[in-house]
Amino acid sequence: MEIATYNLAGIQLTAGEGALSGLKEEADRLHIKKPLIVTDEGVRAAGIIETMAGHLKKEKIAYQIYDGVKTDPLDTMVKDGLSVFRESRCDGILSIGGGSSMDVGKCISVMSVHPGDILDYARSTPEHKDFQKRGCPIISVPTTSGTGSEVSQYAVITNALTHRKTTIASPYLLSDSAILEPAFAGSMPKEVTAYTGMDALAHAVEAYTFRTALDGNIPVVDAVALEAIRLIGQNLVRAYENGNDLKARAGMQWGSLLAGIALNIGSGETHAIGSMLAKYYGVCHGISVGIPLPYCMEYNMSYGYDRFFSIAEALGADTSGLSVKEGAMAAVKKVKELQKQIRFPKMTDYIRDMEEVKNFSQECADNSCCVSNRRMNTKEAIEQVFRMCMEEET
């Protein structure tokens, strides 16, 4: 697998086995003399940071490490990382890890040149502030294949006091460079491969069926979303069953990246449900958006059977002889089949009965991710989808 370089709307991509060899060139191009490595303890324990540190030392690049990132990162982690950045006089961000590390890294970058707290700029904050300029340069190195944060203008940060997830959105959050090294993804445990892979699939499906895509007919979103779905359909089970299959890992990295590009149009209904599962049950992001995905698809397909038919084809489902409506349902069945193959969790693993759902169904319907949906934007609709999840699983 040869190393390939691309420039995607200003983001320099380096991908393939040995892609890390391009780090020095990227650091020089971006005038980074001392990056802050933003990561988590799991990535460090996997030996990836040791590998990265050895590479930086070989290239005589000074660095500092902030490894306090956790899953579903808190605003306090951005604040802590920013303190390390300033105290160590760093001049760039080198995020290594999953979406959480990359989101925190992007936020540290932009907050290095803006006053206040990161939540002052959150979309959910009344009269929120807007970023006025880019922060320090950002190099993102994903070790999972889920969020596509390396090419996304979004960061998801949780309020440490209210436990509410909120979205930070700005073109100033985009990475300057992304390095896709398949071997790093090989360090993922099987369950993380499953969770992040289903997260990426949810991104691609939502982007392809997002209201703006339907109303605006945006060909570039359609193209990258369908290709992401195809790559994930071909490679997720392979990567899950054999983590050392670097071809499958590379396929998932590209699927995740393309889904991340598509999701710049905006996230949808599985993210609204996911935010409730995270807030009230502590469910990690990949699981929380993956569980409701096929049921959201089934509930929503009536506003675009042709779109869901195309999803079925991209996933490799046999649609020969099927009507458009039957083909759309084949997409739902295919996603459920994938989830069984990767032993994905179920809604009933976390919620016991529908009475619990009624406590937060209106809050979920009011989430901006549901407001953008044509059907799932009422309390009754949310409860119906939860009911679909739970009745089939019992």
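Above this text sits the structure in question.
These remarks concern the structure in this document. In this text, all values refer to a predicted model and were calculated from it rather than measured experimentally. One numbering rule holds for all chains: residues counted from 1, following each sequence as written. Given that the model is predicted, a residue must reach a pLDDT of at least 70 before its local features are reported, and side-chain atom pairs must reach 80 or more before they are shown or counted; all residues, however, enter totals for whole chains, interfaces and linings. The basis for every side-chain value is the complete set of non-hydrogen atoms in the structure, without hydrogens or water.

## Quick look at the pairing of strand β8 (residues 165-169)
Only protein chains enter the accessibility calculation, which uses a 1.4 Å probe. A residue is then buried if its area is under 20% of the maximum for its type, exposed if over 50%, and partly exposed in between. Labels follow the DSSP assignment, with helices taken as runs of H or I lasting at least four residues and strands as runs of E lasting at least two, numbered in each case from the N terminus. β8 sits mainly inside the fold: 4 of its 5 residues count as buried. The sheet contact formed by strand β7 (residues 154-158) and β8 spans 5 bridges and is antiparallel. Following the sheet pairing, I157 is matched in β8 by T166. Counting the residues that bridge the hairpin from β7 to β8 gives 6 residues, and of these H163 lies at a positive phi of roughly 65 degrees. Strands are labelled as partners when DSSP assigns at least two bridges between them.

## Focus: the packing of aromatic side chains
Any Phe, Tyr or Trp ring, taking Trp's six-membered ring, that has another such ring centre within 6.5 Å forms a pair; planes under 30 degrees apart are called stacked, those over 60 apart edge-to-face, and the others tilted. Throughout the structure, instances matching the rule amount to 7 aromatic pairs. Here the aromatic rings of Y195 and F344 are separated by 5.9 Å at their centres, their planes lie at 85 degrees, and the arrangement is edge-to-face. Placement of Y195 in helix α7 (residues 190-209) and of F344 in the loop between α15 (324-341) and α16 (354-357) is noted, with a sequence separation of 149 residues between them. Among the residues examined, Y195 registers a relative accessible area of 22% and is labelled partly exposed.

## Things to note about the pattern of salt bridges
Within this document, salt bridges are pairs made up of a side-chain nitrogen of Lys or Arg and a carboxyl oxygen of Asp or Glu, the two lying within 4 Å of each other. Following the criterion strictly, the structure yields 16 salt bridges and no others. The partner of K334 in a salt bridge is E337, with the nearest N and O atoms 3.4 Å apart. Here K334 pairs with E337, and both are found in helix α15, just 3 residues apart, close to one helical turn. A residue is classified by how much of its surface remains accessible, and E337, at 38% relative accessible area, is partly exposed.

## Looking at the packing of α7 against helix α9 (residues 219-241)
Running from amino to carboxyl end, α7 crosses α9 at an angle of 160 degrees, the nearest separation of the two axes being 9 Å. Between α7 and α9, the angle is such that the two are roughly antiparallel. For α7 against α9, the interelement crossing comes out left-handed. Contacts between α7 and α9 involve K190, T193, A194, G197, M198, A200, L201, A204, V205, A207 and Y208 from the first element and V221, D222, A225, L226, A228, I229, I232, L236, A239, Y240 and E241 from the second. Polarity classes work like this: nonpolar for Ala, Val, Leu, Ile, Met, Phe, Trp, Tyr, Cys and Pro, charged for Asp, Glu, Lys and Arg, and polar for all others, with Gly in that last group. Grouping the amino acids of the contact of α7 with α9 by side-chain chemistry returns 17 nonpolar, 2 polar and 3 charged. To define axes, lines are fitted to C-alpha atoms, for helices over the stretch in contact only, and angles between the resulting N-to-C directions are given on a 0 to 180 degree scale. Between 65 and 115 degrees an angle is taken as roughly perpendicular, under 35 as roughly parallel, over 145 as roughly antiparallel, and anywhere else as oblique. In this scheme the crossing of two helices becomes right-handed for a clockwise turn of the near helix relative to the far one and left-handed for an anticlockwise turn of less than a right angle. Here, residues are in contact when the closest pair of their heavy atoms is within 4.5 Å.

## Description of the sheet that holds strand β6 (residues 138-142)
Backbone hydrogen bonds hold the strands of a sheet together, and the pairing may be parallel or antiparallel. Spatially, β1-β2-β9-β6-β5-β3-β4 is the arrangement adopted by the 7 strands of the open sheet, whose pairing is mixed. Edge positions in the sheet fall to β1 (4-8) and β4 (64-69), since each of these pairs with one other strand and no more. Ignoring strand direction, the axes of neighbouring strands in this sheet form an average angle of 20 degrees. Pairing between strand β3 (residues 35-40) and strand β5 (residues 92-97): 4 bridges, direction parallel. Counted as the bridge partner of P35 is G92 from β5. Its contacts with the sheet put helix α3 (residues 48-58) on β3, β4, β5 and β6, and the angle it makes with β5 is roughly 145 degrees. Packed on one face of the sheet, helix α4 (residues 75-87) meets β3, β4 and β5 and runs near 170 degrees to β4.

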